[in-house]
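Per-entry structural report
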Amino acid sequence: MRKFIITSIIFITILVSACSIKENSIETLEPTEIKQKSSENYEVETIDFNIGERNIDDIDYTLKGVISIPKQSKQKKLKVAIIVPGYYKDTKRQDKGFKYLTEYIAKNGYLGISIDTDPAYYLGHTVDKEYENIPKIFDEHIKMLKEANEGHNIYNIDLENKIDFKHIAVISSAVSKEAIFKLTKDQSEKGVNILTLLLINPTNNKYNDFNIDNVKNISILISELDEEVIGLDGFSIYNILKKCKNQNILSLTLLKNANHNYFNSSIKSNDAQTLDIDLTNQISRVEQEKFLKKFTITYLKACFRNKYDNTIYDTKVPTVTKIDNLDVINYLQTSKNKDLKDIRKIDEFKGKNINFSIVKTELPKINLPEISHKTVELLNIKWEYKGGKLSFKPDINDFSKFNNITINTMLYPDNESNVKGRSQGICIELTDNKGKSKAVEISKESNLISYPKCKLENLDFENEKEVIFWNKTTPMSNIRIPMVLYKDIDLKNIKKFNIILNKTNSGDLLFESIMLD
């Protein structure tokens with residue numbers, strides 16, 4: 001039975017000479033909308049457990065949590081999803097805030113457990129304590145699961161020989177990448193390999209000496225209206241992980257109009273209300289919880305079965321912009337990912353009716369989520385007349401080995417060449433060694449290159465100069481173009497890559513990367 005339905009994978013229209021390409025049809029890229037389905041076939045038993053006293057740094061604490069299992073499971077062994085909640089001021093027992101998720105995980109045939117991590121923050125939230133203590137608490141819970149699997153009555157639920165320790169997923173919420181990656185490393189050294197990670201609104205702190213060689217899949221979920229992790233640190237983590245390339249799947253999903261707190265039912269406040277931004281379209285707590293439940297099951301099933309077709313982790317479909325009618329931006333790469341061209345080598349580019357240069361994110365009015373606020377160089381393309389073009393010879397000529405072209409781009413909103421509130425459109429054209437060309441249009445109607453929601457503010461003074469930039473971190477758009485759209489040309493011998501700029505009369509774009517995957 002199919003669990004997911006792609007409602008709009010690729011809709012193709014024929015446009016005659018729309019991008020000034022002689023005697024050639026153009027494919028139009030239509031973004032993908034996904035409807036997620038789950039089975040929910042099982043009755044569930046849930047226990048709020050208290051196993052007993054433990055000790056961290058001479059501080060006594062109680063090992064607690066919530067565990068849910070499917071009744072009369074058809075599986076001989078239960079695959080496991082362990083939820084690790086992070087710190088939130090003035091809120092205790094955050095593990096109970098994910099009871100709805102452990103139960104949904106169990107309804108779909110897995111063992112779901114949410115662990116109490118409050119003892120990790122006995123001195124309040126500090127980076128060092130979280131880094132050291134979360135892995136220790138997690139390890140105690142793994143020991144208890146092993147004892148339960150050996151027949152000991154740990155949870156007042158019969159788990160003897162029912163736990164599959166080869167299929168363990170960790171789901172963290174508002175926990176630093178450092179603590180989670182240390183946790184996976186520590187467990188690997190003890191013979192327990194964490195197969196997959198789902199990081200919900202993670203934080204990026206000071207430790208980068210992590211080892212995730214045994215983690216095959218990593219997915220990051222970020223709330224757009226997150227006031228708690230206001231820098232959207234998940235993007236920085238994603239950028240770090242892109243360089244590792246040892247995962248089957250690395251993905252990031254930005255859930256638009258969602259806040260930080262509504263994923264955890266124990267937290268009542270709406271953190272987005274402190275942001276200076278229009279909340280008219282903010283989604284409700286019920287919508288966020290429903291989204292996370294289905295999103296989690298989608299991910300677990302894809303990873304545990306090693307099957308990604310017809311999910312957001314399918315590199316053969318265009319960019320996903322909606323999941324269950326909610327707006328998202330989805331980023332995806334696999335271990336096959338390669339840079340098509342180093343965008344900083346602008347001396348190898350040719351332009352027609354455009355201006356192009358390299359700009360740095362330290363300039364005012366560019367507020368990107370980046371690694372520890374390091375400066376990043378971006379390719380800037382400006383045009384004042386319809387019909388401009390940027391051309392270059394790709395560093396890779398054989399495109400046939402890849403599933404898609406991936407472009408990370410955004411509007412440079414401060415430039416009046418971009419009409420306020422209006423999206424941009426471009427065409428991406430490939431030419432083979434025989435001179436035959438094919439183009440794919442990314443229309444402005446698709447909103448794949450959309451105008452940012454935020455606004456310019458005078459935030460501070462630095463070295464006696466006023467600093468002006470966007471009042472909210474704004475990520476790049478990720479555009480995935482399936483290679484199947486470039487039919488009728490020789491994908492094994494591509495000699496030219498063109499960005500054609502004639503969908504609007506003027507514009508100003510920033511490009512972070514152009515890749516193949």
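Higher on the page you've got the structure.
Residues numbered from 1 in each chain as written. Predicted model: local features only at pLDDT ≥ 70, side-chain atom pairs only at ≥ 80, totals over all residues. Heavy atoms only, no water.

**Comments concerning the packing of aromatic side chains**
Threshold: A pair of aromatic rings is counted whenever rings of Phe, Tyr or Trp (Trp by its six-membered ring) have centres within 6.5 Å, and the orientation is called stacked for planes under 30 degrees apart, edge-to-face for over 60 and tilted otherwise. With a 1.4 Å probe rolled over the protein chains alone, any residue whose accessible area is under 20% of its type maximum counts as buried; one over 50% counts as exposed, and the rest are partly exposed. Only DSSP runs of H or I covering at least 4 residues are called helices, and only runs of E covering at least 2 are called strands; the numbering of each starts at the N terminus. Throughout this description, the term charge over a ring refers to an Arg CZ or Lys NZ atom that lies within 6 Å of the ring centre and within 35 degrees of the ring normal.
Taken as a whole and judged by the stated rule, the model has 11 aromatic pairs. Ring centres 6.4 Å apart and planes at 45° place the aromatic pair Phe349 and Phe356 in the tilted group. Judged by relative accessible area, which is 24%, Phe356 ranks as partly exposed. Both rings, one in Phe349 and one in Phe392, keep their centres 5.2 Å apart while their planes meet at 35°; by these two values the pair is tilted. Of the two residues, Phe349 is situated in strand β15 (residues 349-352) and Phe392 in strand β18 (residues 388-392); the sequence distance between them amounts to 43 residues. Classification of Phe349 by relative accessible area gives buried; the value is 7%. An aromatic cluster is present here, built from Phe349, Phe356, Phe392 and Phe497 joined pairwise through their rings. Of note, Lys182 hangs over the ring of Tyr131, and the distance from its end group to the ring centre comes to 5.6 Å.

**So, unusual backbone geometry**
Glycine aside, a negative phi is what most residues show, and trans is what most peptide bonds show. Phi is positive for Asp324, close to 50°, though the residue is something other than glycine. With respect to the element layout, Asp324 can be found in the loop between β12 (320-323) and β13 (326-333). Of note, Asn325 is a non-glycine position whose phi angle comes to about 70°, a positive value. Of note, Asn325 is situated in the loop between β12 and β13. Since its relative accessible area comes to 51%, Asn325 is described here as exposed.

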